[in-house]
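# Close look at the chain arrangement
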Amino acid sequence: MFKAIKQMPKIIVHIKSTTSSLDRSRGFKVLTPFGIYNKSPANQQVTITANICLNSKEKRYFSTSSTTGENMKLLQGKVAIVTASTDGIGYAIARRLAQDGADVVISSRKQQNVDKAVETLRKENLNVLGLKCHVSETQDRKQLFEETIKKYGKINILVSNAATNPAVGGVLECDEKVWDKIFDVNVKSSYLLAKEALPFLRKEKNSSIVFVSSVAGYDAFALLGAYSVSKTALIGLTKAAAKDLAPEGIRVNCLAPGIIKTKFSKALYEDESANAEALSRIPMNRLGTPDEMAGVVSFLVSDDASYITGETILATGGMAARL
């Protein structure tokens, strides 16, 4: 609710009918849900609380129809692809984008995981399409885009979330094959997905790409050396791609989650001592949730973030992080 003060020739009484007007009011325009009351005849105060009100010298329109969640959704009419989106942060992102009105394509390496996620989301009356996609496989990525276009006719949003970490240890202790695997999935695939999505994103207005990095990209985790470096690379990829695509109106941003309660990070919270160590690094003294990360991504791909590009949003509960 908000209040707007306007001197008018006549007092306005409480409007309950479906239509009414403000006689001779001048220059007063409000686009918001409304219900109008005369709070105090002495100071001519008007309070607007519900639908659409337009007053001017010649035109006086009112509507008391309620504003539904359907026509207020941030991402209505947009089509989003979210990789690695059948569990954890990716699933939460896909779910949130769909809740906010987007048609969402979810994907995973395993068909059974895709089927389960699609079934769950459709029970919530969310509009989703599920496709098996191993992001390192050229043919899988091609099919991902082709099937999305076949179903929805366009792509507005790409969220690259797939990542792997097949081994733990210091960065210089990493086996070469493990290093290649990490960078193939975490970095190269993100680059290729963005590159291959670009022809479709260019056809739409206000398109957006989000890479999912990690706080480890800023402050490397001791036992996740190579993984941490791969996440730093995504921050650099975000900066470079954002500069290239900004003149075309395509925004590129990045999410860097802190320690989030998912299967991927369970080693950091299932053990009591490990959990205590993790919490000691987080000023908010708790782990984050996938839904909290999803909210950040929904904002980044919405028109509310239309002047934001090349940025990495750290959602870490206050953990210190800088390059």
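A brief report on the enclosed structure follows. Note that this is a predicted model, so its numbers are computed, not measured.

## Quick look at the packing of helix 3 (residues 138-152) against helix 4 (residues 176-201)
- At a minimum axis separation of 10 Å, helix 3 and helix 4 run at an interaxial angle of 30°. By the criterion of interaxial angle, the relationship of helix 3 to helix 4 is roughly parallel. Crossing angle aside, the handedness with which helix 3 passes helix 4 is right-handed. Touching R141, L144, F145 and I149 of helix 3 are L192, L193, E196, A197 and F200, all from helix 4.
- Per-class residue counts for the contact of helix 3 with helix 4 are seven nonpolar, no polar and two charged.

## Some thoughts on the sheet that holds strand 9 (residues 128-132)
- Spatially, seven strands are ordered 9-8-7-10-11-12-13 in an open sheet, and the strand pairing comes out parallel. Both outer strands of the open sheet, strand 9 and strand 13 (312-315), are each paired with one neighbouring strand and no more. When strand polarity is set aside, the average angle formed by the axes of neighbouring strands in this sheet is 15°.
- Of the pairings in the sheet, the one linking strand 10 (residues 157-160) to strand 11 (residues 208-212) comprises four bridges and is parallel in character. Opposite L158, over in strand 11, you have I209 as the bridge partner.

## So, the environment of D304
- With respect to the helices and strands, the residue D304 is situated in the loop between helix 7 (290-301) and strand 13.
- When its relative accessible area of 54% is taken as the criterion, D304 is described as exposed.
- Separated by 230 residues in the primary sequence, D304 and L74 place their C-alpha atoms 8.3 Å from one another.
- Sequence-distant contacts of D304, that is, excluding residues within four places in its chain, are made with L74 and F299.

## Things to note about the pattern of salt bridges
- According to the stated counting rule, one finds 10 salt bridges in the structure shown.
- A salt bridge links E248 to R202, with the nearest nitrogen and oxygen atoms 2.7 Å apart. Of this pair, E248 sits in the loop between helix 5 (225-245) and strand 12 (251-257) while R202 sits in the loop between helix 4 and strand 11, and the two are 46 residues apart along the sequence.
- Take R202: its relative accessible area is 47%, and that puts it in the partly exposed class.
- With a closest N to O distance of 2.7 Å, E292 and R286 form a salt bridge.
- By relative accessible area, which is 33% here, E292 ends up partly exposed.

## As for the nonpolar core
- Core analysis: the biggest nonpolar cluster contains 32 residues, and I93, L97, V104 and V159 have the highest contact counts within it.
- Those elements giving two or more residues to this core turn out to be strand 7 (79-82), helix 1 (88-99), strand 8 (103-108), helix 2 (111-123), strand 10, strand 11 and helix 7.
- Of all the elements, helix 1 adds the most residues to this core, at seven residues.
- Here I93 is in contact with V82, V159, V212, A294 and V297, once residues within four sequence places are set aside.
- Of all hydrophobic cores here, the second largest spans 29 residues; its members include C133, L193, L237 and V252.

## Here we look at unusual backbone geometry
- Even without a glycine there, the phi angle at N206 is positive, about 60°.
- Position of N206 relative to the elements: it lies in the loop between helix 4 and strand 11.
- The partly exposed category is assigned to N206, whose relative accessible area is 45%.
- Unusually for a residue other than glycine, N285 sits at a positive phi of about 60°.
- By the element assignment, N285 lies in the loop between helix 6 (272-280) and helix 7.

## Quick word on helix 1
- Here helix 1 is 12 residues long and its end C-alpha atoms lie 17 Å apart, about the 16 Å a rise of 1.5 Å per residue gives.
- With nine of 12 residues buried, helix 1 lies mostly within the body of the structure.
- Taken together, the buried positions of helix 1 are G88, I89, G90, Y91, A92, I93, A94, L97 and A98.
- One or two positions beyond helix 1, positive phi appears at G101, with a value near 110°.

## Focus on the packing of aromatic side chains
- Using the criterion set out here, one finds three aromatic pairs in the structure.
- Ring geometry for Y227 and F264: centres 5.4 Å apart, planes at 35°, overall tilted. On the criterion of sequence distance, the pair formed by Y227 in helix 5 and F264 in the loop between strand 12 and helix 6 is long-range, its members being 37 residues apart.
- With relative accessibility at 48%, the residue F264 sits in the partly exposed group.

## Observations regarding the pairing of strand 10
- Covered by surrounding structure in strand 10 are I157 and V159 together with L158 and S160, the residues of both alternating faces.
- With three bridges connecting them, strand 7 and strand 10 associate as parallel partners. What sits directly across from A80, in strand 10, is I157.
- For the segment spanning strand 10, helix 4 and strand 11, crossover handedness is right-handed.

Conventions we followed
- Residues numbered from 1 in each chain as written.
- Predicted model: local features only at pLDDT ≥ 70, side-chain atom pairs only at ≥ 80, totals over all residues.
- Heavy atoms only, no water.
- Axes fitted to C-alpha atoms, helices over the stretch in contact; angles between N-to-C directions.
- Helix = DSSP H or I, 4+ residues; strand = E, 2+ residues; numbered from the N terminus.
- Parallel < 35°, antiparallel > 145°, perpendicular 65-115°, else oblique.
- Left-handed = near helix turned anticlockwise from the far one by under 90°.
- Contact = heavy atoms within 4.5 Å.
- Nonpolar A, V, L, I, M, F, W, Y, C, P; charged D, E, K, R; others polar.
- Pairing = 2+ DSSP bridges.
- Buried < 20%, exposed > 50% of the residue type's maximum accessible area, 1.4 Å probe, protein only.
- Salt bridge = Lys/Arg side-chain N within 4 Å of Asp/Glu carboxyl O.
- Core = buried A, V, L, I, M, F, W, Y, C linked by side-chain atoms within 4.5 Å.
- Expected span 1.5 Å × (residues − 1).
- Phe/Tyr/Trp six-rings, centres within 6.5 Å; stacked < 30°, edge-to-face > 60°.
- Right-handed = clockwise from strand over helix to strand, strands pointing away.

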